[in-house]
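The residues making up each chain are set out below.
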Amino acid sequence: MLDPVGGDRFTDSLRALREGGRLVVVGFTGGSIPEVKVNRLLLRNTEVIGAGWGAYVMGKPELNREIGEAIEHMIEEGFVRPIVGARFPLEQAADALRLIDERGATGKVVLDVRSD
C-alpha cells in the first residue's frame with residue numbers, strides 16, 4: 001500500500017494491511033508526520049518503508065530515465081493503468097493547479113508539454 005498523505009490516514013492504512021503487508025510512505029500531504037507503534041508491526045508481521053524518491057534519483061539522471069522508460073512500457077502493455085482525471089495543455093497550468101488546490105481533482109492531473 002502506498003501512503004502519500006500521512007496523519008490519521010497513515011494509521012488507517014496501517015490497520016488495513018493484511019498479515020505480511022507493506023506500507024510505503026512517500027509523503028505527508030495531510031500535514032502531520034505520523035508515528036508508528038511497533039507493536040502493530042509485530043502483531044501482523046507488517047512493514048513500513050520510506051521511499052524518498054526525489055532525493056534518491058536527483059543525482060542519477062540515467063537511472064531516472066531508465067525507470068521512466070520501464071514504467072512507460074508497463075503502461076503501454078496494460079500492466080499499469082493510471083487514472084487520469086483531467087488533462088491540460090501547458091499553457092493552462094494555472095487551471096490545473098487551481099483544480100488541485102480546490103480539491104476538485106480525481107485521479108492524476110496531467111499537463112501536456114508537447115502537442116502530438
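Above this text sits the structure in question.
Residue positions are given per chain, counted from 1 along the sequence in the order it is written. Given that this is a predicted model, residues contribute local features only at a pLDDT of at least 70 and side-chain atom pairs are listed and counted only at 80 or more, while totals for whole chains, interfaces and linings are drawn from all residues. Calculated side-chain values reflect all of the structure's heavy atoms, with hydrogen atoms and water omitted.

Regarding the overall build of the protein chain
As a reminder of what qualifies: Per the convention used, a helix needs a DSSP run of H or I reaching at least four residues, while a strand needs a run of E reaching at least two, with both numbered from the N terminus. Each radius of gyration is computed over the set of C-alpha atoms, and the globule rule expresses the reference value as 2.2 Å times the number of residues to the power 0.38. Three exposure classes are used, based on accessible area relative to the maximum for each residue type with a 1.4 Å probe and protein chains only: buried under 20%, partly exposed in between, and exposed over 50%. Should any heavy atoms of two residues lie within 4.5 Å, those residues are considered in contact.
What the protein chain contains, in helices and strands, is 5 helices and 5 strands. Tracing the protein chain from N to C terminus, the helices and strands come up as β-α-β-α-β-α-α-β-α-β. Relative to the compact-globule value of 13 Å for 116 residues, the protein chain shows a C-alpha radius of gyration of 17 Å, a clear excess of over 25%. Seen through its C-alpha atoms, the protein chain measures out along the principal axes to roughly 50 × 35 × 30 Å. The buried share of the protein chain, reckoned over its 116 residues, is 15%. Contacts in the protein chain between residues far apart in sequence, at least 24 positions, make up 46% of those at least 6 positions apart.

Here we look at the pairing of strand β5 (residues 108-112)
Which entries qualify depends on this criterion: In short, DSSP must find at least two bridges between two strands for them to pair. Crossover handedness is defined by viewing with both strands directed away from the observer: a clockwise path from the first strand over the helix to the second marks the crossover as right-handed.
By the bridge criterion, 5 bridges tie strand β4 (residues 84-89) to β5 in an arrangement that is parallel. Of the residues in β5, the one forming a bridge with Pro 89 is Asp 112. Each parallel crossover has a hand, and the one from β4 via helix α5 (residues 93-101) to β5 is right-handed.

Looking at the environment of Glu 35
Turning to its location among the elements, Glu 35 is positioned in the loop between β2 (22-25) and α2 (38-44). A C-alpha to C-alpha distance of 9.4 Å links Glu 35 and Gly 6, two positions 29 residues apart in sequence.

Section: the pattern of salt bridges
Threshold: A pair is scored as a salt bridge if a Lys or Arg side-chain nitrogen falls within 4 Å of a carboxyl oxygen belonging to Asp or Glu.
The final tally for this structure, using the stated rule, is 6 salt bridges. The salt bridge partner of Arg 9 is Asp 12, with a shortest N-O separation of 3.7 Å. Residue Arg 9 and its partner Asp 12 are both found in helix α1 (residues 7-16); the two are separated by 3 residues, about one turn of the helix. Assessed through its relative accessible area of 54%, Arg 9 is described here as exposed. Ionic pairing is found between Arg 98 and Asp 95, a salt bridge with its closest N-O pair at 2.7 Å. Here Arg 98 pairs with Asp 95, and both are found in helix α5, just 3 residues apart, close to one helical turn.

Thoughts on the side chain of Ser 13
Looking at where Ser 13 falls in the secondary structure, it is placed in helix α1. Overall, Ser 13 belongs to the buried group, its relative accessible area being 13%. Setting aside anything within four residues of it in sequence, one finds Ser 13 in contact with Met 1 and Leu 23.

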